[in-house]
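# Observations on the three-dimensional arrangement
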Amino acid sequence: MSGVQHIAVAEDAAEQRLDRWLRRMFPHVSQGRVEKMCRKGDLRVDKGRVKANTRLQPGQVVRIPPLPDPGTVAAKPEAVISDADAKLMQDSVIYRDDDIIVLNKPAGLAVQGGSGQTRHIDGLADALRFGMDTKPKLVHRLDKDTSGVFVMARTGRAAAGLAKSFHLRTTRKIYWAMVAGSPFPKMGTVRYGLVKAAGHGPHGAGERMHCIHPDEVEQTEGAKRATTDYAVIEAVGQRAAWVGLVPITGRTHQLRAHMAEIGHPIIGDGKYGTNSQVNEGDGWGAQLGGSVSRKLHLHARSLAIPHPVSGAKMTFTAPLPDHMAQTWDFFGFDPAEAPSDPFEEQE
């Protein structure tokens, strides 16, 4: 067992998450142990209590409590990645260089483990080394059922740069979604705050975000402000619409909760829009019926971001997943005719 350690955060660790920073130095320490140390207040940054996802800054001092010696912790056997999963990951790559790798994340594949998730991008990332000594690192998230542009860092320097871009919001993410009904006006901004409502499953499984009026955010414990821009790209009368969505903030389930709150849930979103096809006066259900897939129709279409090393502005675009492409075909929508940024087009 080691003694208490105080370690200063280096320049190349800027904006890294505390848990990932710690586990790179002490890989034998489990994620669960890191989170427990945070909850107990044993793991601190500049003498203050922190969470596992706290972003670090150069010069900060991390207090690390006594840790078990590497030999006293049973090492987990390395996961074996099947040929099919390796091919899935490699076929998802839409761009890579020495610093970053960009995927078109498949719908249904989680980004990292948790809540019973054993198959996820982080666990399959060894298939994306392409000659590097280490697997690429996570720097942001997409919901399990959301597809589309997903960037990973291949070096520590790139991880710090990407994390900083997401933190400072120097990125622009445009999502495509099919929603029930047709929003009016055709372009607008949703500003409902969000607060987490615990689920009823084990360990809070099934939790969801609850929308609250912006005026009530400051008085509501745990609530955070959230802002989403939307623009209708094309509509099917009043039954459904293809919309572009830009999350100005990056809250959990923000797009899904906001669209449901204004009465236009994303198709396939039973959590926020129910599984009905009925408009009961306060908004449509989240299914269209017929040959339209019941899967979530939410796709991270494009991401504009400065390169973490060169600083060059880069924009990545991902084609629709099969279930959404089939819905677009069904309604006669052509992705090639859509503006790259529907908000600029209509300004």
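Look up a bit, the structure's there.
Definitions and limits used
Residues numbered from 1 in each chain as written. Predicted model: local features only at pLDDT ≥ 70, side-chain atom pairs only at ≥ 80, totals over all residues. Heavy atoms only, no water. Buried < 20%, exposed > 50% of the residue type's maximum accessible area, 1.4 Å probe, protein only. Helix = DSSP H or I, 4+ residues; strand = E, 2+ residues; numbered from the N terminus. Pairing = 2+ DSSP bridges. Contact = heavy atoms within 4.5 Å. Axes fitted to C-alpha atoms, helices over the stretch in contact; angles between N-to-C directions. 1 Å grid on protein atoms, 1.4 Å probe; cavity = no way out; pocket = protein on both sides within 12 Å on 5 of 7 lines; lining within 4 Å. Points joined across faces, edges and corners; volume = space filled by probe spheres on them. Nonpolar A, V, L, I, M, F, W, Y, C, P; charged D, E, K, R; others polar.

### A word on the pairing of strand β14 (residues 240-247)
Along β14, eight of the eight residues are buried, which leaves the element largely enclosed by surrounding structure. Neither face of β14 is open: one carries A240, W242, G244 and V246, the other A241, V243, L245 and P247, and all of them are buried. Alignment of strand β9 (residues 172-180) against β14, held across six bridges, turns out to be antiparallel. The residue bridging V179 from the neighbouring strand is A241, located in β14.

### Some details on the side chain of S165
Relative to the elements of secondary structure, S165 occurs in helix α5 (residues 156-168). What S165 contacts, discounting residues up to four positions off in sequence, is T170, T171, I305 and P306.

### Examining the sheet that holds strand β1 (residues 5-8)
Here four strands make up an open sheet; going across it, the order is β1-β4-β2-β3 and the pairing antiparallel. Strand pairing shows two members of the sheet lacking a second neighbour, β1 and β3 (48-49), which therefore form its edges. Note that β1 and strand β4 (residues 61-64) share four bridges and pair antiparallel. Bridged to Q5 within β4 is I64. Along the sheet face, helix α1 (residues 18-25) touches β1, β2 (44-45) and β4 and points at about 65 degrees away from the line of β4.

### Looking at empty space enclosed by the protein
Going through the model one piece at a time under the given rule, you end up with two cavities of 30 Å³ or more. Here the largest cavity defines a volume of roughly 70 Å³. Along its surface, the largest cavity is lined by E15, Q16, R17, R20, R24, R55, L138, V139, A159 and A163. Of the residues belonging to the lining of the largest cavity, the class tally is four nonpolar, one polar and five charged. The volume enclosed by the second largest cavity comes to roughly 40 Å³. Looking at the second largest cavity, the residues that line it are H140, L142, V149, K173, Y175, A300, S302 and L303.

By themselves these figures say nothing about function.
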